[in-house]
Amino acid sequence: MARPATYTFDNVSLAKDGKQIFGPLSLNLREKRIGIVGQNGSGKSTFARLLAGLIAPDSGQVHLNGANLFKDRKTALAHIGVIFQNPDQQIIFPTVIEEIAFGLQQQGLNKTDAHRRAQDVLARHGRADWADRNTHILSQGQRHYLCLMAVLAMQPSLIILDEPYAGLDIPTSMGLHHMLGKLDQSLVMITHDPAVLQEYDRVIWLENGSVKQDGPAAPVLADFSAEMQRLGALQC
Ligand SMILES: Nc1ncnc2c1ncn2[C@@H]1O[C@H](COP(=O)(O)OP(=O)(O)OP(=O)(O)O)[C@@H](O)[C@H]1O
Ligand SMILES: [Mg+2]
């Protein structure tokens, strides 16, 4: 039987400008639905970049079943898709169809097949008419949704979503929530909205680049929400 995918943070730490911004952190990620919560600047996006192997820790390593994800980019690209908090960091092509097809070509499809698959993905999302749209004139929410479709098209086994609901209108958010719920892939979901994570297997609460609490969704979300309410009340 295939070994379950285990992503491991092994004593990972990261400093910027002489200041420790993350870790040291050691944990194993095996659950299919993992939520990440924490205040602004708590290290959630840094966690996502480290997990995807996009940045190197100063010490320690992030592994997938033993493969170092920063050094072994082939393994990282084959397994992990990331939807960044800011779609401007992700979109590079002038048209929607090219943007989606690019990832598929990187996975080995020829241009014709990649474009055909990209068109299928757009149709499945009810956005077939987006194919030739200029990515630069899409709204921020539309650009975010394009990034989602491009990552889903590549069918990674783990999808990391960094605040994917930010900027989406209510019907698009509801459609996305429904679609993510049905996905077979593992998800790591970064969000400020505890309601999104209620059914999740595990929630990790980050604070100052460290784990404040880690466990089943209900108790972690209850404590996190109470603390956010307490801090919010201090601002009033
Ligand atoms: N490249 C960098 N150089 C310097 N500091 C950085 C860098 N990247 C992140 N940081 C710092 O690390 C901390 C964590 O940042 P991060 O973006 O991971 O937070 P976050 O939890 O995703 O916040 P938000 O909820 O606002 O998205 C912040 O204090 C940030 O300023
Ligand atoms: Mg962030």
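Just so it is clear, the structure is predicted and the values come from calculations on it, not from any experiment. (Residues numbered from 1 in each chain as written. Chains lettered and ligands numbered in written order. Predicted model: local features only at pLDDT ≥ 70, side-chain atom pairs only at ≥ 80, totals over all residues.)

1. Notes on the overall build of the chain
Note the threshold: By the criteria applied, helices consist of DSSP H or I runs no shorter than four residues and strands consist of E runs no shorter than two, each listed in order from the N terminus. Here the radius of gyration uses the C-alpha set of atoms, whereas the globule reference equals 2.2 Å times the residue count to the power 0.38. Remark: C-beta atoms are placed from the backbone, and a residue is labelled buried if 20 or more other C-beta atoms sit within 10 Å of its own, exposed if 12 or fewer do, or partly exposed between those counts. Residues are treated as contacting if the C-beta atoms built from their backbones sit within 7 Å of each other.
Summing up its helical and strand segments, the chain has seven helices and 10 strands in all. For 236 residues, the compact-globule formula gives about 18 Å, and the C-alpha radius of gyration of the chain, at 18 Å, lands near that figure. Dimensions of the chain, computed from C-alpha atoms along their principal axes, come out at roughly 50 × 45 × 40 Å. Every one of the 236 residues in the chain was classed for burial, and the buried ones make up 34%. A sequence separation of at least 24 residues applies to 65% of the contacts in the chain between residues at least 6 apart.

2. Details of helix H7 (residues 217-235)
Heads up, the condition is: Working rule for helices: expected span equals 1.5 Å times residues minus one. By definition, the arc is the one covered by directions from the helix axis to the C-beta atoms.
Taking 1.5 Å of rise per residue, the 19 residues of H7 would be expected to cover 27 Å, and the 27 Å separating its terminal C-alpha atoms lies within 8% of that figure. All of the buried residues along H7 are Val220, Leu221 and Phe224. Viewed end-on, H7 has its buried residues packed into an arc of 90 degrees, placing them on one side of the element. Of the residues in H7, the exposed ones pointing more than 90 degrees away from the buried face are Ala218, Pro219, Ala222, Ala226, Gln229, Arg230, Ala233 and Leu234. On its buried side, H7 packs onto strand E3 (33-38), strand E9 (202-207) and strand E10 (210-215).

3. Focus: helix H1 (residues 44-51)
For the α-helix, the turn length of 3.6 residues means that residues three or four positions removed from each other point alike. Burial within H1 is extensive, with seven of its eight residues counted as buried. Inspection of H1 places Lys44, Thr46, Phe47, Ala48, Arg49, Leu50 and Leu51 among the buried residues, and these make up the whole buried set. The first or second residue beyond H1 is glycine 53, which carries a positive phi of 75 degrees.

4. With respect to the site of ligand 1
Rule in force here: As used in this record, a residue near a molecule or strand is one whose C-beta atom, placed from the backbone, is within 6 Å of it. Gly is put with the polar residues, along with every residue not named as nonpolar or charged; the nonpolar set is Ala, Val, Leu, Ile, Met, Phe, Trp, Tyr, Cys and Pro, and the charged set is Asp, Glu, Lys and Arg.
Taken together, Lys16, Asp17, Ile21, Gly38, Asn40, Gly41, Ser42, Gly43, Lys44, Ser45, Thr46 and Gln85 are the residues near ligand 1. Counting residues per element, the shell around ligand 1 draws most heavily on H1, at three residues. Split by residue class, the shell around ligand 1 holds one nonpolar, eight polar and three charged.

5. Things to note about the pairing of E10
Note the threshold: Following DSSP output, two strands are said to pair if at least two bridges run between them.
As defined by bridge partners, E9 adjoins E10 across five bridges and the pair is classed as antiparallel. When the sheet's bridge partners are listed, glutamate 207 is paired in E10 with serine 210. Adjacent in sequence and paired antiparallel, E9 and E10 are bridged by two residues, among which asparagine 208 carries a positive phi angle near 50 degrees.

6. Overview of the pairing of strand E8 (residues 186-190)
As a reminder of what qualifies: Orient the strands so they point away from the viewer; a crossover is then right-handed if the path from the first strand over the helix to the second runs clockwise.
Most of E8 is tucked away, with four of its five residues classed as buried. Two strands pair when backbone bridges link them, and E3 and E8 are joined in this way by four bridges, in the parallel orientation. Bridge pairing links glycine 35 to methionine 189 in E8. Relative to E8, strand E7 (residues 158-162) runs parallel, the two sharing five bridges. For aspartate 162, the partnering residue across the bridge sits in E8 and is isoleucine 190. On the question of chirality, the crossover connecting E7 to the parallel E8 by way of helix H6 (residues 170-182) is right-handed.

7. Describing the sheet that holds strand E4 (residues 59-64)
To keep things clear, this is the line we draw: As a rule, the C-alpha atoms of each element are fitted with a line to give its axis, helices using only the stretch in contact, and angles between N-to-C directions run from 0 to 180 degrees.
On the basis of which strands lie adjacent, the open sheet formed by four strands has the order E2-E1-E4-E5 and antiparallel pairing. The sheet is open, and its two edges are formed by strand E2 (19-29) and strand E5 (67-68), each paired on a single side. Sheet strands in contact with H1 are strand E1 (7-16), E2 and E4, and its direction is about 125 degrees off that of E1.

8. Some thoughts on the environment of glycine 103
Relative to the helices and strands, glycine 103 resides in helix H3 (residues 96-106). Assessed through the 20 C-beta atoms surrounding it within 10 Å, glycine 103 is described here as buried. Residues glycine 103 and serine 59, spaced 44 residues apart in sequence, show a C-alpha to C-alpha distance of 30 Å. Every residue in contact with glycine 103, bar those within four places of it in the chain, is listed here: Ala150, Ala153 and Met154.

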